[in-house]
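As a plain string of letters, each chain reads:
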Amino acid sequence: MAGWDELDRFLQTDPRDVGCEQALQILHVYVEAVLDDETGAEAARRYPGVEAHLLSCGPCAEDYEGLLLVARADLA
Amino acid sequence: MRSADDPGGDAGAACGGVRGGGGTRREPDEQTAQWLAALGGSGSAREQAVSRLHELLLRVARAELGRRAGRHPITGPELDDLAYQAADDAVLAITTKLGEFRGESQFTTWAYRFVVLEVSSKLGRHFWQRPTVALDTADWERLPDRFGISPVDHAERRDLIAAVRRAVDQELTERQRRVFIAIVVDGIPLDALVAQLGSSRNAIYKIMFDARRKLRAALAANGYLTASAQEADPEHHQVR
């Protein structure tokens, strides 16, 4: 019944979820918090609503991954 | 008024004040100070800074499009054209909004965010140039594939389709139904749907958020899923 489990995970919502607009508004700050503590624990502690959002929004998680990589690479 | 489980409904508490920016303002590092001085200046020094910013963001756009290769069909000159468009629009937005930079991060991290978001937006719009599925196709036979159910598990596939389809028909509003079917059943990328409907990612996500919550509650009430502690807690759905 793995399919039902997968459906269940997809349908679950987190009341802390701040939505795309607010998550993207501070994505650069969140990313630097992750760069300061690569475990992500500090970013999650400071911005639990953003963490909750990134766990369930594929497009914002994609943007987060991309921003994290370029910020880490410091292309400047 | 927003319900407590609307995404964004509790940003102040959840994010430590996201609406105001969410981070801590700090003294700019040397590189940030140089960018701000040059872009906020005038004449040839500003023009050179804008040009350097464009070069930098073009590298980021190319890197980001390359990282996403395999999740979009674009290659060759068309890909580079998209990178240029993303860099162009990001530079325009950054120079327009320079006064909104709050010093909560390095300038470059703030600037990279613009171009990464431009890449997403442009990929969403590009989807409709060669769409792999039409809007409102509603091929429910695809649904079990989204959740990893094998084609040979006929009974499980049939049960899941019937249960979800019934809940979608009975519980969702017309707009929630259309968005859920487009994204989950038809597999249209969320940013592509945003472009097609002329909406915003946040608006479509909120529609999906409410749809997911309603569907889960309905499937739990009908014994397909286990009721969660949140669903059993009446406080969870109260408006704050």
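These numbers were taken from a predicted model, which means no experiment stands behind them. (Residues numbered from 1 in each chain as written. Chains lettered and ligands numbered in written order. Predicted model: local features only at pLDDT ≥ 70, side-chain atom pairs only at ≥ 80, totals over all residues.)

Undergrad: I'd like a description of the overall build of chain A, backed by residues and values.
TA: Broken down by element type, chain A carries six helices and zero strands. Classification of the 76 residues of chain A by burial places 55% in the buried group. A separation threshold of at least 6 residues defines the contact pool for chain A, and within that pool the share at least 24 residues apart is 67%. (Helix = DSSP H or I, 4+ residues; strand = E, 2+ residues; numbered from the N terminus. Buried ≥ 20, exposed ≤ 12 C-beta atoms within 10 Å, placed from the backbone. Contact = placed C-beta atoms within 7 Å.)

Undergrad: Can you lay out the interface of chain B and chain A for me, pointing to particular residues and giving the numbers?
TA: Chain B puts 53 residues into the contact, and the matching count from chain A is 43 residues. At the level of elements, helix H1 (11-15), helix H3 (43-67), helix H5 (107-126), helix H7 (154-171), helix H9 (190-197) and helix H10 (201-221) of chain B are the ones that each hand at least two residues to the side of chain B that touches chain A. With nine residues, the top contributor of residues to the side of chain B that touches chain A is H10 of chain B.

Undergrad: Which residues make up the nonpolar core, and what are the values?
TA: Tyr 30 of chain A together with Leu 57 and Val 115 of chain B are the most contacted members of the largest nonpolar core, which has 81 residues in total. The dominant element in this core, judged by the number of residues it contributes, is H5 of chain B, at 10 residues. Setting aside residues no more than four positions away along its own chain, Leu 57 of chain B makes contact with Ala 87, Ala 90, Val 91, Ala 111 and Val 115 of chain B. (Core = buried A, V, L, I, M, F, W, Y, C linked by C-beta atoms within 7 Å.)

Undergrad: Any details on H10 of chain B? Residues and values, ideally.
TA: Residue and element names in this part refer to chain B. Taking 1.5 Å per residue, 21 residues should reach 30 Å; H10 reaches 30 Å between its end C-alpha atoms and fits that length. With 16 of 21 residues buried, H10 lies mostly within the body of the structure. Following H10 by one or two positions, Gly 223 has its phi on the positive side, about 85°. (Expected span 1.5 Å × (residues − 1).)

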